[in-house]
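Remarks on the overall topology
Below are the chains, spelled out letter by letter.
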Amino acid sequence: MSEEFDLAVIGAGPGGYIAAIRAAQLGLRVVCADAWTGAGGAAAPGGTCTNVGCIPSKALLQSSEYAALAQHGLGEHGITVSAPTIDLARMLARKDTVVRQNNEGISYLFKKNKVQFLHGRAAFRARVAQGWELAVAAPAASTVRARNVIVATGSNPRALPGVPFDEDRILSNAGALAMDRVPGTLGVIGAGVIGLELGSVWRRLGAEVTLLEALPNFLGVADEQIAREAHKAFTRQGLRILLGVQIEEVRSSKSGVLVRYREALGEQGQKALEVERLIVSIGRVPNTDGLQAQAVGLEIDARGAIVVDEHCATNLPGVWAVGDVVRGPMLAHKAEEEGVAVAERIAGHAGHVDLATIPSVVYTDPEIAWVGQTEAQLTASGRAFRSGSFPFAANGRARAAGHTTGFVKMLADASTDEILGVHIIGPGASELISEAVVAMSFRASSEDIARICHAHPTLSEAVREAALAVDKRTLNL
Ligand SMILES: Cc1cc2nc3c(=O)[nH]c(=O)nc-3n(C[C@H](O)[C@H](O)[C@H](O)COP(=O)(O)OP(=O)(O)OC[C@H]3O[C@@H](n4cnc5c(N)ncnc54)[C@H](O)[C@@H]3O)c2cc1C
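We now turn to the structure provided with this report. (Residues numbered from 1 in each chain as written. Predicted model: local features only at pLDDT ≥ 70, side-chain atom pairs only at ≥ 80, totals over all residues. Heavy atoms only, no water.)

Below, the discussion takes up the overall build of the protein. When helices and strands are tallied, the protein shows 13 helices and 21 strands. Since a compact globule built from 477 residues should have a radius of gyration of about 23 Å, the 24 Å found for the protein is in line with a globular shape. A principal-axis box enclosing the C-alpha atoms of the protein has dimensions of 65 × 60 × 45 Å. Partitioning the contacts of the protein with sequence separation of at least 6, the portion at a separation of at least 24 is 60%. Of the roughly 21400 Å² that the protein leaves accessible, carbon and sulfur atoms contribute 51%. Distance between charge centroids for the protein: 2 Å, based on 45 positive and 50 negative side chains. (Helix = DSSP H or I, 4+ residues; strand = E, 2+ residues; numbered from the N terminus. Rg over C-alpha atoms; globule rule 2.2 N^0.38 Å. Contact = heavy atoms within 4.5 Å. Areas by Shrake-Rupley, 256 points an atom, 1.4 Å probe, with all protein chains shown as cover. Lys, Arg positive; Asp, Glu negative; His and termini not counted. Charge placed at Lys NZ, Arg CZ, Asp CG, Glu CD.)

Moving on, we get to the pairing of strand 13 (residues 271–275). Because side chains alternate across strand 13, one face comprises the buried residues Lys 271, Leu 273 and Val 275, and the other comprises Ala 272 and Glu 274, none of which is buried. Across five bridges, the pairing between strand 12 (residues 256–263) and strand 13 is antiparallel. By the bridge assignment, Leu 258 is partnered in strand 13 with Glu 274. (Buried < 20%, exposed > 50% of the residue type's maximum accessible area, 1.4 Å probe, protein only. Pairing = 2+ DSSP bridges.)

A word on helix 6 (residues 193–204). With 12 residues, helix 6 should reach 16 Å at 1.5 Å per residue; the first-to-last C-alpha distance of 17 Å fits that figure. With nine of 12 residues buried, helix 6 is to be regarded as a mostly interior element. Every buried residue belonging to helix 6 is among Gly 195, Leu 196, Glu 197, Leu 198, Gly 199, Ser 200, Val 201, Trp 202 and Arg 204, and all of these are buried. (Expected span 1.5 Å × (residues − 1).)

Turning to the pattern of salt bridges, a few remarks are in order. Here the structure, examined in full by the defined rule, presents 25 salt bridges. The partner of Asp 471 in a salt bridge is Arg 386, with the nearest N and O atoms 3.1 Å apart. With Asp 471 in the segment after helix 13 (460–470) and Arg 386 in strand 19 (residues 385–391), the pair connects residues that are 85 residues apart, well separated along the chain. Classification of Arg 386 as partly exposed rests on a relative accessible area of 29%. Three or more residues are tied together by salt bridges with common partners; here these are Arg 386, Asp 417, Asp 471 and Arg 473. (Salt bridge = Lys/Arg side-chain N within 4 Å of Asp/Glu carboxyl O.)

Moving on to the sheet that holds strand 13. The strand order across the open sheet built from three strands is 11-12-13, with neighbouring strands paired in antiparallel fashion. The open sheet is flanked by strand 11 (245–253) and strand 13, the only strands paired with a single partner. Shown here is a sheet whose adjacent strand axes are inclined to one another by a mean of 20 degrees, direction ignored. (Axes fitted to C-alpha atoms, helices over the stretch in contact; angles between N-to-C directions.)

The next subject is the sheet that holds strand 8 (residues 185–189). Pairing in this open sheet of five strands is parallel, and the strands run 7-14-8-9-10 from one edge to the other. The sheet terminates laterally at strand 7 (170–171) and strand 10 (240–242), the two strands that pair on one side only. The pairing of strand 8 with strand 9 (residues 208–212) spans five bridges and is classified as parallel. For Leu 186, the partnering residue across the bridge sits in strand 9 and is Val 209. Against the sheet, helix 6 makes contact with strand 8, strand 9 and strand 14 (277–280), and its axis sits at roughly 165 degrees relative to strand 9, the strand it touches most.

Another point: the site of the ligand. Taken together, 37 residues lie around the ligand, and Asp 34, Thr 48, Lys 58, Ala 122 and Ala 332 are the ones closest in. Contact distances for the ligand include 3.5 Å between a nitrogen atom and a side-chain N or O atom of Arg 121. For the ligand, the accessible surface in isolation is 1000 Å², of which the surrounding protein chains cover 95%. Listed by contribution, the elements that provide at least two residues to the shell around the ligand are helix 1 (14–25), strand 2 (30–34), helix 2 (47–52), helix 3 (54–73), strand 3 (116–128) and helix 8 (332–346). Of the residues forming the shell around the ligand, the biggest block, four residues, is contributed by helix 2. (Near = heavy atom within 4 Å. Polar contact = N/O pair within 3.5 Å; in protein donor to acceptor, adjacent residues only side chain to side chain.)

So, on to the packing of helix 1 against helix 4 (residues 88–112). Two measures define how a pair of helices packs: the angle their axes make with one another and the distance between the axes. Look at helix 1 against helix 4: their axes get within 10 Å of each other, and the N-to-C directions meet at 25 degrees. The pairing of helix 1 with helix 4 is recorded here as roughly parallel in orientation. The way helix 1 lies across helix 4 gives a crossing that is left-handed. Residues Tyr 17, Ala 20 and Ile 21 of helix 1 pack against Ile 106, Leu 109 and Phe 110 of helix 4. (Parallel < 35°, antiparallel > 145°, perpendicular 65-115°, else oblique. Left-handed = near helix turned anticlockwise from the far one by under 90°.)

Bringing unusual backbone geometry into the picture now. Between Asp 365 and Pro 366 the backbone carries a cis peptide bond, its omega angle lying at 0 degrees. Relative to the helices and strands, Pro 366 resides in the loop between strand 17 (360–362) and strand 18 (367–372). Backbone torsion omega between His 456 and Pro 457 reads -5 degrees, so that peptide bond is classified as cis. Structurally, the position occupied by Pro 457 is in the loop between helix 12 (446–451) and helix 13. Not every positive phi belongs to a glycine, and Lys 114 is a case in point at roughly 60 degrees. Tracing the backbone through its elements, the reader meets Lys 114 in the loop between helix 4 and strand 3. Residue Ala 141 is not a glycine yet carries a positive backbone phi of 30 degrees.

Shown next, in the form of structure tokens:
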């Protein structure tokens, strides 16, 4: 079969499926091809995010949080329960159900919006008079012609050189979300966002977890003060975090995996860590496998990312790229924003993404979230700023809930008072950050937030108090 479309989208992760839906809403004739195969060979649209990323990790974070609550968190509320037993098989089955519901939700949305979905790997075949011809492999096996193509092929986990993932002892994110038993000991190479989330899941379920991080600073992407608070909280939870670690060898051992490493700080000399299982979480690599990108002259940089301009246009006419396969943070909501913007541009509108207001979230306990610049970035750029912080320990709702770790910190321009960054560690940070994103998108000042009524008692009052703190006039501290 060969069909003509206004737009062909390659990849149905958050970048691709959202682009396809938005383009269809705008009246374009859209096809979306995705290669992901789920249980029983069925199509599983949703990409990394739905299948082995955001959604299953949050399902397990939630389940393991309940486990931790049942073990240590109910006593202070006057509730005594006997030691909980963990039915891991059931927990994993629930996670799989949540994933399947999301796969089905995307299939439903495709039908509702009249996006034609093809299950199969797509590759560029040739430039044709009206655009591009793509070959889609089995099971959909077809040829597609489209005026525009959006490449949204995502990313793959980066392996340590010479240490391939076997998903039994040496695990990528996929294996780490599907361990059939709680390991007694677990190593995690890489204490970034994904490493911390996955390490937290298995720590809460009872594993002894050691995180080995190459960088000398913990959570270097976050504001320093937030990272320090997070380090304290995670250490209290029993996560062992080693910094400045240089991995020298990883190999299978009798009881699991042996890691030999050196530490930049502390004792010199090679050290060894033997763990039952090892998660390698050292970043992700943009994925253009099998796309025949080079054959049609699509420009790819040294990192493997497709080169795009600020509108996500590639060097080829009518070919766009969004999400993890291009520059910028590897986040699902960033991919979605780019997908919407490109669909709108193709349809003749003025789509735009502001990378400066993309929030980052770590879904650990406490949660961590931020948007905009850190104190260190502002200092380095020479921008004069004022800072205000407010601890959750002084927030009534946080005290009532018994979640008083952490604080909200707001940074604002010293002369105009425009909010330049908001950094939160504490309960509900993943939701609270939205207020800061809205404020920064409207270029609000800290005074704007300070003047807005926030419901009482809510955690959001801590955001307002941080805004008041910029002007040194907190009301509850
Ligand atoms: C464990 C983990 C947790 C995460 N948690 C979060 C989180 O909480 N929040 C967040 O924002 N981000 C999170 N991320 C990151 C997020 O998953 C990615 O940023 C997001 O999935 C990128 O979306 P995408 O559409 O660019 O690519 P993907 O989601 O990777 O989708 C790409 C799709 O394209 C398909 N594909 C590839 N090549 C072809 C081809 N040639 N033909 C057809 N189909 C093809 C793939 O099979 C896949 O389905 C997490 C990632 C991991 C690994």
